[in-house]
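# Structural overview for review
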Amino acid sequence: MPSLSRGRKLFGAVSASILALAYGEKFSASRFDVLDYVDPLIGTSDGGHVFPGATLPFGMAKAVSDVYNGENQGGFSVDASRIGGFSHLHDDGTGGSPSMGNFPIFPHPNCPDEDLNKCEWLQSDRATKWLKKSPKARPGYFSIDLANGVHAEMTTTNHSALYRFKFNNSSSALSPVILVDLMDLPQSRTNASASVDPSTGRLTGNGTFSPSFGIGSYDAHFCVDFKGAEIRDTGVWTQNRAGTDLKSVSMDPSGTISASSNSAGTFVWFHAPNDDSIMARVGISFMSVDQACHNAETEQPDFDFEATVSAAEDAWRQKLEVISVDADGVSQELQMVFWSGAYRTMISPQDYTGENPLWTSDEPYYDSFYCLWDSYRSIHPLLTLMDPLSQSRMVRSLIETYRHEGFLPDCRMSLCKGYTQGGSNADVVIADAFLKKVVDIDWQMAYEAVVKDAEIEPANWDVEGRGGLRSWKKLGFIPEDDYDPDGTGTHTRSVSRTVEYAYNDFCIAEMAKRMGHPKDHKKYIERASNWKNLLKKDQRSAINGTDTGFVGFLEPRYLNLTWAHHDPIFCSPLIGHESCYLDPNGGPTYEGSSWLYTTYVPQDMASLISNLGGPENFTSRLDLLHEASILDIGDEQAFLPVFQYHYTGRPALSTKRAHYYIPSRFNTSFAGLPGNDDSGAMGSFAVLTMMGLWPVPGQDVYLISAPFFKEVSLRNSITGNVATIRNKNFDPNYKSIYIQSAKRDGKPWSQNWLLHDFFIEGGVLELELGEKESNWGTRTQDLPPSMSHYQ
């Protein structure tokens, strides 16, 4: 980590310069503003795929400049050199193909020789270099300078974006052209149309597109208004030709121009603006063009850029200021890692309430659960702490999706069903919320939904529910050669789906027990042990031909109960392979090896540890898992193993691992994330780790580690109560990081874990730190809960 100055609540140099450049203000180092510690540009290179543009917390409108021919999954990345447009719908931190980026607008300062056909219209031609070091990002704000002399700024409300284009082009007369392109980033369009009103210059239109990681299609609509210059002319363009005679254009699959890959749209040609700038207000909607216009007119009636930025900043401060830290002595970089992670946790899922054309309901509707397989592990547990009301609305949205579509989603984006990567992990999210007493949820309907996941197989279990339920119920595992006459789906991931199904059923059992369903509890708690059916106790593993000395790994089995041969390190970073993903020829584990999945028994760690040779042997196994590059902390399954030393009575080693990964894999550079952010998963991992309380998702359990700050406080936004974790003998050089003793509200606390009541009721957890591992939290009675008894 670079050497940075230390001091209490210092300003982030990057963020402060952003504000100074954007608004020309001077800032006092004595005033703390949490937004000064948020850098949205972290993760915009090396596959982080972070959305760095302007948005509100969970906002639908997301405005940023889209790079052309680069990693534009989140719109902008520093890895590419040219900008193809500015668009208003995005997802955050996704892997795979680009997402959304619909209806980009693009400003030309002028057309050569005042000839429209000498302007560049196709994205491949118009894409313009951006000036290095020019991007400035802050919550609710983004700006960038283009080589054509355009300085572009943008901000948003929930359903609209506001752009301010300032033109600095002294080489010729200024007569700007601003176009809209009926395109999206993945070029998934199947049809689209647009029109321009010649009297007002209003651009409107819509299109049909496909989701980036799912099935089906969605319609999106836009409405663009301008302010700042008189209209010279209007028209339409297709391919590389433009004209002013027509005022509307359409593209459809039956037309002569391909609807998916070629460009068309409308434009407004302006006289020179008085102050060399033009504002573009873009309303968006999934309902209709009229609603898109209404959204813009209602949310931004005055084209007031500064007021919109200010409102966005206030919204972000309100969300983030439930956490407070005493950062005395903590480096500026670590503070920015922390607050930027908290910020990214609240970019998605996105609030589409009132913008869902699929059904009529008064319930909230959230989208871009992208995907729960990633987000259930850290994003939703952190939201339960930081913003339990939003978490309630998200859970209600999941239940409402079940009510109208028949199954809970495991992944959802762009109003479409996304691909299921493992188990039915909405079950874990719902159980987690239930156990932590999240308010205003129809728990009877929630229970009905999770039980359906466990009992009824959908027609297409690639996008909802679970496949292989016949084998799951009869054999107690998913066979490698599974025969499934009840539904269709990708017959892969037999090992990883087995352990996930087992944990999903455990979560249902927890709900059943507390909701008065004893028969269900018995059934699902028995299924929660099905992981044992794939534990091959004599299976060994070698790395580069050398036996690791560890015996016992989860291995695939066939329908006839015989074992299939599988190398336990296959799908690890040591032996990566394309079949570790959702391809039809995929292997028995998904985005991770059997080494990793063998540790995934959070419901019964006592039994797992016993079956794998006892606490000392399991501790050594975890050491090798982390130290031999068998897991990748850039993939979410690696999160929990960082803290599983708690279960062997070695919580100090969890702290040691946490302090390795942060800062070695998390920093404030453009490449400051170990993998793609997955809608904030990496950010939430950093925040929870640095807070010193790791939640076991789907359980009312927080594993205690020492925070990276002298003190961390969290205010419950419902009860108003404040929970504080305080380090005694705090060492900002992080040599004294091991808990020697603990007190909760002045009384000794020996357990190495906490319940959620600490955050509901408030109080103080005081941790005395030292340089060496102690006996704190090591006794059997101090270990986290487990289905079986520790031996």
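Cut-off values and rules
- Residues numbered from 1 in each chain as written.
- Predicted model: local features only at pLDDT ≥ 70, side-chain atom pairs only at ≥ 80, totals over all residues.
- Heavy atoms only, no water.
- Helix = DSSP H or I, 4+ residues; strand = E, 2+ residues; numbered from the N terminus.
- Buried < 20%, exposed > 50% of the residue type's maximum accessible area, 1.4 Å probe, protein only.
- pLDDT = per-residue confidence, 0-100.
- Contact = heavy atoms within 4.5 Å.
- Pairing = 2+ DSSP bridges.
- Axes fitted to C-alpha atoms, helices over the stretch in contact; angles between N-to-C directions.
- Parallel < 35°, antiparallel > 145°, perpendicular 65-115°, else oblique.
- Nonpolar A, V, L, I, M, F, W, Y, C, P; charged D, E, K, R; others polar.
- Core = buried A, V, L, I, M, F, W, Y, C linked by side-chain atoms within 4.5 Å.
- Salt bridge = Lys/Arg side-chain N within 4 Å of Asp/Glu carboxyl O.

### Here's the deal with unusual backbone geometry
With an omega of -5 degrees, the peptide bond running from Ser-348 to Pro-349 counts as cis. Examined against the element boundaries, Pro-349 turns out to sit in the loop between helix H5 (332-345) and strand E19 (350-351). Put simply, Ile-662 and Pro-663 share a cis peptide bond, and its omega is 25 degrees. Residue placement: Pro-663 occurs in helix H18 (residues 651-664). The backbone of Asp-276 sits at a positive phi, close to 65 degrees, despite the residue not being glycine. Among the structural elements, Asp-276 can be located in the loop between strand E16 (264-270) and strand E17 (277-285). Take Asp-276: its relative accessible area is 34%, and that puts it in the partly exposed class. At Phe-303, a position not held by glycine, the phi torsion is positive, near 55 degrees. Judged by relative accessible area, which is 12%, Phe-303 ranks as buried.

### Describing the confidence of the model for the protein
In this model, the protein carries an average pLDDT of 94, and 95% of its residues clear a pLDDT of 70 or more. Below pLDDT 50 for its whole length, residues 1-29 participates in 69 contacts with residues either more than four positions away or in separate chains.

### Some points on the environment of Arg-744
Within the element layout of this structure, Arg-744 appears in strand E29 (residues 738-744). On the accessibility criterion, Arg-744 (13% relative accessible area) is buried. Between the C-alpha atom of Arg-744 and that of Lys-136, which follows or precedes it by 608 residues, the distance is 43 Å. Non-local contacts of Arg-744, meaning those with residues more than four positions away in its chain, are made with Trp-749, Leu-754, Asp-757, Phe-758, Glu-761, Val-764 and Leu-765.

### A look at the pairing of strand E7 (residues 150-156)
Burial analysis of E7 places 6 of its 7 residues in the buried class, which makes it a mostly covered element. Two strands pair when backbone bridges link them, and strand E6 (residues 141-145) and E7 are joined in this way by 4 bridges, in the antiparallel orientation. Looking at E7, one finds that Ser-143 is bridged to Glu-153. Counting the residues in the hairpin turn of E6 and E7 gives 4 residues, including Gly-149, whose phi is positive at 95 degrees. Counted between consecutive antiparallel strands, the loop separating E7 from strand E8 (residues 160-167) contains 3 residues.

### Structural notes on the packing of helix H16 (residues 615-627) against H18
At a closest axis distance of 12 Å, the pairing of H16 and H18 adopts a crossing angle of 0 degrees. Considering their axes alone, H16 and H18 lie roughly parallel with respect to each other. Along its contact with H16, which presents Thr-619, Asp-623, His-626 and Glu-627, the element H18 presents Leu-653, Arg-657 and Tyr-661. Here the residues of the contact of H16 with H18 sort into 2 nonpolar, 2 polar and 3 charged.

### Regarding the nonpolar core
Within the largest apolar cluster, 217 residues are counted, with the highest numbers of intra-cluster contacts made by Phe-76, Phe-86, Tyr-163, Phe-165 and Ile-323. Looking at which element gives the most residues to this core, the answer is helix H12 (residues 494-515), with 10 residues. Discounting chain neighbours no more than four positions away, the residues touching Phe-76 are Leu-41, Thr-44, Val-50, Pro-52, Val-64, Ser-65, Val-67, Ile-83, Trp-130, Pro-135, Phe-142 and Ile-144. Of all hydrophobic cores here, the second largest spans 6 residues; its members include Tyr-141, Leu-162, Phe-303 and Phe-305.

### Looking at the pattern of salt bridges
For the structure on display, the rule yields 41 salt bridges. The closest approach of N and O atoms between Asp-225 and Arg-202, which form a salt bridge, is 2.8 Å. Of this pair, Asp-225 sits in strand E12 (residues 218-227) while Arg-202 is found in the loop between strand E10 (191-196) and strand E11 (203-209), placing the two residues 23 residues apart along the sequence. Between Asp-427 and Arg-466 there is a salt bridge, with its nearest N and O atoms 3.5 Å apart. Within this pair, whereas Asp-427 is found in helix H9 (residues 426-435), its partner Arg-466 is found in the loop between helix H10 (443-455) and helix H11 (469-474), the two being separated by 39 residues in sequence. Of the two residues, Asp-427 and Arg-466, both sit in the buried class. Salt bridges sharing partners connect three or more residues here, namely Asp-427, Glu-455, Arg-466, Lys-473, Asp-505, Lys-523 and Arg-527.

### Quick word on the sheet that holds E17
Across the sheet, which stays open at both edges, the 9 strands sit in the order E5-E6-E7-E8-E17-E12-E11-E10-E15 with antiparallel pairing between neighbours. Because the sheet does not close on itself, it has two edges, and the strands there are strand E5 (136-138) and strand E15 (248-251). With strand direction ignored, the average angle separating the axes of adjacent strands in the sheet is 15 degrees. In the sheet, E12 pairs with E17 via 7 bridges, with the strands oriented antiparallel. Counted as the bridge partner of Lys-227 is Met-279 from E17.

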